[in-house]
Each structure stands twice: as structure tokens, then as C-alpha cells.
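Listed below are the residues making up each chain.
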Amino acid sequence: MREQPAKSLRQRALEYLSKREYSETELAQKLKAYANEEDDIPALIADFKTRGWLSDARYTEQMIHARQVKFGAARVANELREKGVDDALVAEAVSVLQVNEVERASEVWRKKFKASPTTREEWAKQARFLQSRGFTFDVIKKILNRHAEDDSPEDYS
């Protein structure tokens, strides 16, 4: 059996990108584990960007599409920042997600909870769940109060 030659950094990068989109920072981080002293990761990243093989804008679109079903704008924005996406792209993503934030939060709530909260403890539990998913407190209040009004007009104070 023949020994396989070591993959070049370029081959590894192409393999990663053939499976899914990556942010520039994320791909550079993955490639560092395989880089030699003579490898120039920033030059490789720049080459991939000029060829259109690597795009933070495309990565952001993919992330929005994948995450918007389960998560709020705050959580998606945080994930994008962790992956090194530019603040302008993060701000654009947040504005796109905020357009239908209440509807998405309502759907996430509906999948998890079948009934509106009847006690303060249930209200707090449901609010914490939505908050952990990255929805703002204003959106959470709208969702929980809307569903409480639909069932019965109880006061939580």
C-alpha cells in the first residue's frame, strides 16, 4: 500500500469549502493546525476571496438562513461575531432578522410550549427559554402576553 502524500494547505481549504461556507477567520483558524512555517495563510485567504470561493457575505447569508428558524437576532449576531464576521455584515444580518422577529419567536415558543403561562414561575421559565434562544425582552413580552391574552386575560403582577 502506497503512502498518501501530505495534502497542501490549498487542498485542505478547498475540501473545507466544498462541504460548507466558512468565514475568513474560521477558515484561517482551521488551516493553522496544518500550516508549516513557509505557508502563508493570509495570502491563501486573499486568493480565495478574489476568486470568489470565500465570502463573509455568503457565509452570513447561509448562517441567517440556517439559524433564523430556531434563534433570535441577538444569538445569530453573537455567533457571527464569534466567527470573525465584519460588524457591518452583522448589523445587516440583525436588521434582516428583526423584520419578522416576533413571528419567529412565536413559532419557537409554540413548538416548545403548548400552553400559555398561568403562573409567574411558568412565565419566567418560558421567558428564559426564549431569551436563551436570542430573542429580546421586548419580543418575549409581546409573545408571552399575546398568548396569555388569547387564553385568558390573567394578570401576572
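None of the values given here were measured: they were computed from a predicted structure.

Caption draft 1: Inspection of the overall build of the protein at higher detail. Of the regular secondary structure elements, the protein holds 9 helices and 0 strands. Tracing the protein from N to C terminus, the helices and strands come up as α-α-α-α-α-α-α-α-α. Taken over 157 residues, the protein has a buried fraction of 38%. Sequence separation of at least 24 residues holds for 61% of the intrachain contacts in the protein that already meet a minimum separation of 6. Accessible surface computed for the protein: about 10200 Å², of which carbon and sulfur atoms make up 49%.

Caption draft 2: Molecular detail of the side chain of Glu-79. For Glu-79, the location among the structural elements is in helix H5 (residues 73–82). With residues up to four places along the chain from it excluded, the contact list for Glu-79 reads Met-63 and Arg-67.

Caption draft 3: Looking closely at H5. Buried within H5 are the following residues: Ala-73, Val-76, Ala-77, Glu-79 and Leu-80. When H5 is viewed along its axis, its buried side chains cluster within an angular range of 160 degrees and face the same direction. Looking at the buried positions of H5, the neighbouring elements they touch are helix H4 (56–67), helix H6 (87–98) and helix H7 (101–112). Phi turns positive one or two residues past the end of H5, at Gly-84, with a value near 85 degrees.

Caption draft 4: Region of the structure containing the side chain of Ser-55. As for its placement among the helices and strands, Ser-55 is situated in the loop between helix H3 (41–51) and H4. Of the polar contacts made by the side chain of Ser-55, one reaches the backbone nitrogen of Ala-57; its length is 3.3 Å.

Caption draft 5: How the structure looks around the pattern of salt bridges. Going through the model one piece at a time under the given rule, you end up with 10 salt bridges. Linking Glu-26 and Arg-20 is a salt bridge whose minimum nitrogen-to-oxygen distance equals 2.8 Å. Through salt bridges with shared partners, one network takes in Arg-10, Asp-47 and Arg-51.

Caption draft 6: Representation of helix H8 (residues 120–132) within the structure. If you check H8, its first and last C-alpha atoms are 18 Å apart, about what 13 residues at 1.5 Å a residue would give, namely 18 Å. Taken residue by residue, H8 has Trp-123, Gln-126, Ala-127, Phe-129 and Leu-130 as its buried positions. End-on view of H8: buried residues confined to an arc of 155 degrees, all on one side of the axis. Residues of H8 that are exposed and point over 90 degrees away from its buried face: Glu-121, Lys-125, Arg-128 and Gln-131.

Quick notes on the rules
The residue numbers shown here count from 1 along each chain, following its written sequence. Reporting of local features is limited, given that this is a predicted model, to residues whose pLDDT is at least 70; pairs of side-chain atoms are given and counted only at 80 or more, and all residues count toward the totals for whole chains, interfaces and linings. Note that the side-chain values use all heavy atoms of the structure and ignore hydrogens as well as water. Numbering goes from the N terminus for both helices and strands, where a helix is a DSSP run of H or I of at least four residues and a strand is a run of E of at least two. Between buried and exposed lies partly exposed: a residue is buried under 20% and exposed over 50% of the maximum accessible area for its type, with that area taken using a 1.4 Å probe on protein chains only. Any two residues having at least one pair of non-hydrogen atoms within 4.5 Å are treated as being in contact. For accessible areas, the Shrake-Rupley method is used with a probe of radius 1.4 Å. Any residue's cover is judged against the shown protein chains and nothing else. In this context, the arc is that of the directions from the helix axis out to the C-beta atoms. We define a polar contact as two N or O atoms separated by no more than 3.5 Å, with the added condition that, inside protein, one atom must be a possible hydrogen donor and the other a possible acceptor, whereas residues neighbouring each other in sequence contribute only through side-chain atom pairs. Salt bridge, as applied in this entry: a Lys or Arg side-chain nitrogen positioned within 4 Å of an Asp or Glu carboxyl oxygen. A helix's residues, less one, multiplied by 1.5 Å, set its expected span.

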